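# Structural description and commentary
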Amino acid sequence: MAARSETTLHSTVCKEGILKNPIFVAPNYKCQFCSKMGEYAYVVAHMQTHEKTAVKHEDVTTYCKRCGVCGHFYRYQEWAEGLHNFDDHTILTLHLCMFLRQSVQFEVYIVGRALDILEQTNQKKYPNHDSVLHGYLHFEALTEHNYNFSCVHCGVHPPVVIMDLHKKGVFSMPVSDIEDPPPQFEGHVDIEEFWQSVDQEIVCRGFLQSNRENPCKVSPSYVKWAPWIGPLTRASKKVLNTEYAKLTAKKSVVEQADIDISEERLSSELMNLKVDALRKLVKECGVDSKGSKMDLLLRLREEMKTRSTYDKVFQKVWGASGGWAVIMCPCGIVNSVKFNIRAESPRDYADMLLSFKHFPNIVIYDFARGLVTHTNLREPERLPFSPFEGRVAAATPENIASAKRAELKINLSWLQIKKDPPDLNGHPATGSAEHYALYDTFHQYNTKDEKDALRLIGLVPELCGWVNSQTVEQLFSGMRKNNYFMNSLSPASHIFLMRNILHHHNEKVNQQALEDLKRVSHGDVTLDAHGKATLVHVNVPKEVDMADHCGEQCEALTMTSNLMPCRTSWTLGVHRPLQEQLVNYVLDEDRPMNELIVKDGQTCLTRENFVSLGLRREMDSMVGNACFRLIKEIFQHQGKDVFIVDLHIPPTWLLPLSCDPFLCLPVSTHNTFITLISYAFQSKVATLKIKTI
């Protein structure tokens, strides 16, 4: 699957069985592979030397070939025969390249381990593993990838994004060797030029001897170091990278929180160090190394208030670089990635967000307040995060108290239905010009500012049950298996391969999403101008008459305000065939159980929740809660207030928990109907009894 030729000549390919005879060029004969000419016997003997140095793979043999005019050697770089020529010495089969791609994607075998397994399985010695790795990177660099970094559901301009840092994904680099940018540098970098230079370094390795320095080498620099943002997502090819300002900019009092939060994260990592390693680090920082582990941590934390000590500690704990920051949509697609040179701060995410063509409406981050402060200070004229400084409501004492009691709900209906007419400079997907910064669920209670109670995801019903704020952490959990391998690569190899891995991750998620859409819609799916999947053609079954389809005339029949306690309000009605077909589709147990069927407010129901309807088995409590919410709305339209206990709670009243049912009831029951739910189990069938008092 991989072969190595010791000849210094460039290689070409010739299939077995093809006659390799000298070419007659009157009055002599010429070698097929070089410019050697002479008598027939002499040229035949010369061609045999080519065969001795050739590399054979199945029915394909590689030779060297020279131009008869200029004397230059041909470089074989075609893939028609299933081979990839890296440096004329190491030649990989395309099958091996695809195997290595999948090995890296599934985080099961990294390149070195994968080759070890192949060697043991095939009982063959492969070339040097580093050469094979560079050959694989060379293959990816010459493969045409679009690197769109967009989602088929959210499009190229996602209205909701989730951000986080993979702090363990680092590469070694001498921080002291990075030159300061010139005074006129304002942080604008040509993203296309930078990533083309990274590709050039990878490709150039195939033309160099192992002991030669790469003339296309890319080193970390404040002036030429760019994130990757999809070509349709970014505003232009000029993007922001203002990491140099982490060292020189004077921060205001409110922005000083950027450093504080980084110190807290770094301190938590120091807690994981062993005492001996911590004591050695304290000595290197010129701090007293005597005392307990907590004494050492306290002294080091105090010393980290100076930037030089902070950088030294950061490089010891997290590696030389600052990890890589990502911006993702809730579907798990990476929209942007930035490979930090210095320690993370909200500045890194602000650089990417301000480089977007359309600023997202909802940004979820573990330090939302610091992100808003920094971004709004950088853009004071337009204040990217507004209204209410990125909170979902005004920071009044009443709103804060209501949010802490989980009683405040702020509906952002434009997340589901686009505003009509849209706001000025509104987002193309939502039509809204409002921009909020919220905490992810894991860090929402870590803040000390009481105003941050208005930055919780739970306050927005449209986000509940839909947005998984831990999507980024789930991506990182898989990437951690690659850390030991990725962190040993050079900076250019690290960022090139990581972008490539994320690209294939996106392609896989999008492909699965498109297949699910096609399976559900039974039609052709295409992408619109914003990169969103749309249905082109629907195959309507012949037995269903198009006249039977429901339209606006049927909307009044299903409104809760018009539903009455009579049979006509609850029967299938005139569109019985179409409704039966819909019910059969929802209850089809041969289809995916995790397919989302209903999304209404905070309620998200899958097929797994619905399959209990109409069947002799226990009804899913999610479905029951949705049904009782409908009943509650019907009562409210008739001027009656009803309190319905969540169906997940009544089982806790029974043994062995035996919880007090009255703890679940409202404090005041004036003019309120209370619906009690009880369960009776007979012949393994659950019977639901309802009593309203």
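The rules we used
Residues numbered from 1 in each chain as written. Predicted model: local features only at pLDDT ≥ 70, side-chain atom pairs only at ≥ 80, totals over all residues. Heavy atoms only, no water. Helix = DSSP H or I, 4+ residues; strand = E, 2+ residues; numbered from the N terminus. Buried < 20%, exposed > 50% of the residue type's maximum accessible area, 1.4 Å probe, protein only. Contact = heavy atoms within 4.5 Å. Areas by Shrake-Rupley, 256 points an atom, 1.4 Å probe, with all protein chains shown as cover. Expected span 1.5 Å × (residues − 1). Polar contact = N/O pair within 3.5 Å; in protein donor to acceptor, adjacent residues only side chain to side chain. Disulfide = S-S within 2.5 Å. Core = buried A, V, L, I, M, F, W, Y, C linked by side-chain atoms within 4.5 Å. Phe/Tyr/Trp six-rings, centres within 6.5 Å; stacked < 30°, edge-to-face > 60°. Lys NZ or Arg CZ within 6 Å of the ring centre and 35° of its normal. Axes fitted to C-alpha atoms, helices over the stretch in contact; angles between N-to-C directions. Parallel < 35°, antiparallel > 145°, perpendicular 65-115°, else oblique. Left-handed = near helix turned anticlockwise from the far one by under 90°. Nonpolar A, V, L, I, M, F, W, Y, C, P; charged D, E, K, R; others polar. Pairing = 2+ DSSP bridges. Salt bridge = Lys/Arg side-chain N within 4 Å of Asp/Glu carboxyl O. Patch = residues over 30% accessible without salt bridge, like charges linked within 9 Å, V, L, I, M, F, W, Y side chains within 5 Å.

Helices and strands together make up the secondary structure of the protein, namely 19 helices and 24 strands. By residue count, 46% of the 693 residues in the protein fall in the buried class. The contacts in the protein between residues at least 6 apart in sequence include a share of 65% that link residues at least 24 apart. When the accessible surface of the protein is totalled, it reaches about 36,600 Å², and 54% of it is carbon and sulfur.

Along the chain, Ser-386 connects to Pro-387 via a cis peptide bond; the corresponding omega equals 5°. Along the chain, the position of Pro-387 falls in the loop between α12 (368-378) and α13 (397-404). Omega for the bond connecting Asp-420 with Pro-421 falls within 30 degrees of zero, at 0°, which places this linkage in the cis form. Secondary-structure assignment places Pro-421 in the loop between α13 and β17 (436-439). Phi at Glu-389 takes a positive value of approximately 55°, unusual for a residue other than glycine.

The end-to-end C-alpha distance of helix α4 (residues 129-142) is 20 Å, a good match for the 20 Å that 14 residues give at a rise of 1.5 Å each. With 10 of its 14 residues buried, α4 lies for the most part within the structure. Turning to α4, its buried residues are Ser-131, Val-132, Leu-133, Gly-135, Tyr-136, Leu-137, His-138, Phe-139, Glu-140 and Ala-141. The opening residue of α4 is Asn-128, an N-cap whose side-chain oxygen sits 2.8 Å from the backbone nitrogen of Asp-130.

On to the state of the cysteines, then. Two cysteines whose sulfur atoms are joined by a covalent bond form what is called a disulfide. Using the criterion set out here, one finds zero disulfides in the structure. Free cysteine: Cys-151, not disulfide-bonded; nearest cysteine sulfur from Cys-331 at 3.7 Å. Relative accessible area serves as the criterion here: at 1%, Cys-151 is assigned to the buried category. Here Cys-216 stays free of any disulfide, with the sulfur of Cys-204 as its closest cysteine sulfur at 4.0 Å. Since its relative accessible area comes to 27%, Cys-216 is described here as partly exposed.

This part is about the nonpolar core. Residues Trp-324, Phe-339, Ile-362, Leu-463 and Leu-502 are the most contacted members of the largest nonpolar core, which totals 101 residues. Other than its neighbours up to four places away in sequence, Phe-339 contacts Phe-171, Trp-195, Trp-225, Glu-243, Gly-323, Trp-324, His-494, Ile-495, Met-498 and Arg-499. Listed in part, the five residues of the second largest apolar core include Leu-278, Val-282, Leu-296 and Leu-297.

So, on to the packing of aromatic side chains. Both the distance between ring centres and the angle between the ring planes are used here to describe each pair of aromatic rings. Summed over the entire model, instances satisfying the criterion amount to 12 aromatic pairs. For the ring pair Tyr-29 and Tyr-40, a centre distance of 5.1 Å and an interplane angle of 75° mean the geometry is edge-to-face. Of this pair, Tyr-29 sits in strand β4 (residues 28-30) while Tyr-40 sits in helix α1 (residues 40-53), placing them 11 residues apart in sequence. Arranged with centres 5.2 Å apart and planes meeting at 85°, the rings of Phe-359 and Phe-385 form a pair that is edge-to-face. Placement of the pair is Phe-359 in the loop between α11 (346-355) and β16 (362-365) and Phe-385 in the loop between α12 and α13, with a sequence separation of 26 residues. Judged by its relative accessible area of 1%, Phe-385 falls in the buried class. Among the aromatic residues, ring-to-ring pairing joins Tyr-147, Phe-194, Trp-195, Trp-225, Trp-228 and Phe-339 into one connected group. We note Arg-234 situated over the ring of Trp-228; from NZ or CZ to the ring centre the distance is 5.2 Å. Arg-499 extends its terminal NZ or CZ atom over the ring of Tyr-147, reaching a point 3.8 Å from the ring centre.

Right, let's get into the packing of α4 against helix α5 (residues 191-204). Between α4 and α5, the least distance of the axes is 8 Å, while the angle of their chain directions is 135°. By the angle between their directions, the pair α4 and α5 is classed as oblique. Two packed elements cross with a definite hand, and for α4 against α5 that hand is left-handed. Note on element contacts: α5 touches α4 through Asp-199, Ile-202 and Val-203, opposite Leu-137, His-138, Ala-141 and Leu-142. Taken together, the residues of the contact of α4 with α5 break down into five nonpolar, one polar and one charged.

Further remarks concern the sheet that holds β16. The six strands lie next to each other as β12-β15-β14-β10-β16-β17, forming an open sheet whose pairing is mixed. Each edge of the sheet is formed by a strand with only one pairing partner; in this case those strands are β12 (228-229) and β17. Taken together, the four bridges between β16 and β17 define a ladder with parallel strand orientation. Looking across to β17, one finds that Val-363 is bridged to Ala-437.

Among the structural elements, Arg-205 can be located in the loop between α5 and β12. Not counting residues up to four positions away in its chain, the partners in contact with Arg-205 are Phe-86, His-134, Leu-137, Asn-214, Ser-490 and Ser-493.

The subject of this paragraph is the pattern of salt bridges. Taken as a whole and judged by the stated rule, the model has 17 salt bridges. In this structure, Arg-101 engages Glu-140 in a salt bridge whose closest nitrogen and oxygen atoms are separated by 2.8 Å. With a gap of 39 residues between them, Arg-101 in helix α2 (residues 94-105) and Glu-140 in helix α4 connect regions that are remote in the sequence. An identical accessibility class is assigned to Arg-101 and Glu-140; each is buried. Here Asp-449 ties to Arg-369 by a salt bridge, and the two come within 4.0 Å at their closest N and O atoms. Note that Asp-449 is positioned in the loop between β17 and α14 (471-479) and Arg-369 in helix α12, a separation of 80 residues in sequence. Judged by its relative accessible area of 27%, Asp-449 falls in the partly exposed class. Looking at Arg-369, the relative accessible area reads 24%, which means it is partly exposed. Each of Arg-369, Asp-449, Asp-452 and Arg-455 takes part in one network of salt bridges that share partners.

A few words on a nonpolar patch on the surface. A cluster of nonpolar side chains, Ile-23, Val-25 and Met-37, forms an exposed patch at the surface whose accessible area comes to about 230 Å². Along the chain, Met-37 falls in strand β5 (residues 37-38). A relative accessible area of 40% places Met-37 in the partly exposed class.

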